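Here is what each chain is made of, one letter per residue.
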Amino acid sequence: MGKKVQCELCPTECILEDLQIGGCRVRINKGGVLYSLVYGKPCAVAVDPIEKKPFFHFLPATTAFSIATAGCVLGCKFCQNWEISQAKPEETDNHNLMPDDVVRQAMFYGCRTITYTYTEPTVFYEYMYDTAQIAKKYNLKNTMHTCGYINEKPLRKLAEYMNAADVDLKAFTEDFYSRICGGRLKPVLDALVVLKQENVWLEITNLIIPTLNDDNGKIKEMCQWIIKNLGPDVPLHFSRFFPHYKLKNLPPTPFETIRDARNIAMDAGLKYVYIGNLRSEAENTYCPECRKLLIERAGYFVKQNNISDAKCRFCRAKIPGIWS
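Residues numbered from 1 in each chain as written. Predicted model: local features only at pLDDT ≥ 70, side-chain atom pairs only at ≥ 80, totals over all residues. Heavy atoms only, no water.

Draft legend 1. Inspection of the environment of Lys-303 at higher detail. Inspection of the secondary structure assignment puts Lys-303 in strand β15 (residues 301-305). Put simply, Lys-303 and Asn-284 are 19 residues apart on the chain and 9.9 Å apart in space, counted from C-alpha to C-alpha. Setting aside residues no more than four positions away along its own chain, Lys-303 makes contact with Glu-296 and Ala-298. (Helix = DSSP H or I, 4+ residues; strand = E, 2+ residues; numbered from the N terminus. Contact = heavy atoms within 4.5 Å.)

Draft legend 2. Quick peek at a nonpolar patch on the surface. The grouping of Val-47, Phe-108 and Tyr-109 at the surface amounts to a nonpolar patch, some 350 Å² of accessible area in total. Secondary-structure assignment places Val-47 in strand β5 (residues 44-49). Relative accessible area serves as the criterion here: at 37%, Val-47 is assigned to the partly exposed category. (Patch = residues over 30% accessible without salt bridge, like charges linked within 9 Å, V, L, I, M, F, W, Y side chains within 5 Å. Areas by Shrake-Rupley, 256 points an atom, 1.4 Å probe, with all protein chains shown as cover. Salt bridge = Lys/Arg side-chain N within 4 Å of Asp/Glu carboxyl O. Buried < 20%, exposed > 50% of the residue type's maximum accessible area, 1.4 Å probe, protein only.)

Draft legend 3. The arrangement of the packing of aromatic side chains in detail. Evaluation of the coordinates by the stated rule reveals 12 aromatic pairs. Arranged with centres 5.0 Å apart and planes meeting at 85 degrees, the rings of Phe-108 and Tyr-109 form a pair that is edge-to-face. The exposure class assigned to Tyr-109 is partly exposed, which follows from its relative accessible area of 45%. Relative to Tyr-129, the ring of Tyr-125 lies with its centre 6.1 Å away and its plane at 15 degrees, an arrangement referred to as stacked. Of this pair, Tyr-125 and Tyr-129 are both found in helix α3 (residues 125-137), 4 residues apart, which corresponds to roughly one turn of the helix. Like Tyr-129, Tyr-125 is buried. Just above the ring of Tyr-129 sits the side chain of Lys-157; from NZ or CZ to the centre is 4.8 Å. The ring of Phe-56 has Arg-297 sitting right over it, with the charged end atom 3.9 Å from the ring centre. (Phe/Tyr/Trp six-rings, centres within 6.5 Å; stacked < 30°, edge-to-face > 60°. Lys NZ or Arg CZ within 6 Å of the ring centre and 35° of its normal.)

Draft legend 4. Region of the structure containing helix α4 (residues 152-159). Among all positions of α4, only Pro-154, Leu-155, Leu-158 and Ala-159 are buried. Taken down its axis, α4 places every buried residue within 140 degrees of arc, on the same side. (Arc of directions from axis to C-beta.)

Draft legend 5. Region of interest: the pattern of salt bridges. By the definition in use, this model includes 16 salt bridges. Across the pair Lys-53 and Asp-48 runs a salt bridge, and its minimum N-O distance is 2.8 Å. A residue is classified by how much of its surface remains accessible, and Lys-53, at 4% relative accessible area, is buried. Owing to a relative accessible area of 5%, Asp-48 belongs among the buried residues under this scheme. Here Arg-104 makes a salt bridge to Asp-101, at a shortest N to O gap of 2.9 Å. With Arg-104 and Asp-101 both in helix α2 (residues 99-108) and 3 residues apart, the pair spans about one turn of that helix. A cluster of three or more residues bridged by salt bridges with shared partners is formed by Asp-48, Lys-52 and Lys-53.

Written out as structure tokens, the structure is:
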């Protein structure tokens, strides 16, 4: 009797023989049952500003209790956290922190939110799900920074407890996802639509890498897709690339490239377009109606906030987000 198992968590859907470990490095088939190798074993634990995730329309100037385990469902050549995302659990320095401990620590440090981040939270799905359930009971918010490479069924189940998600939309071509990430674009687009349908607050991050995904035509196409499928209010963060991991041969993204991408996005009709990894006025939130400065940021620090009752303090226009 064969004990093969197919994992149904991410679109890779590994078929595993007995005692075989999945491509994510953290799920094992033991006698026909899938087990997580990272449950309650985060390799990264920190208290971060929520702006670092980045969330710009979600409880500004509050802190997030951030956790991650080893592993990832993709293999991006530019990964900033490759030492843990591309590692096996036995290769990382792990804490012993069960879900109720995570919630207890978050409350102890005065965090409003628990964020599942740094690596890909899909790989520690059960750990995240159980933690999120407990967190909700104690009125803590749950957020994740994810690559969105997850199947519909587990994502809908998770969305019941997830307040916000920042999704890395890494490029807008299947070729990029295949060559640079070892995945596919379509499942990520599908996940974005599911999160929108489930009323999870959504922000999108796009890291612009010179020569690989900096084509203005494709950026325009991506922005048009976002508006058509998710609406014009979704905050979009264009992030500057720095040479990392297997892409050390490329230069940092020129400022002009990022600026042009932001202009394309705003011309397409997106109302909230930000620039990351680069100091500029494009870190700030402006009212799309009266154009006044609403949230002034310096890096992860909020200098002023002119949003009250989810509205612009000056013209009372509604500003989408989760503000309290």
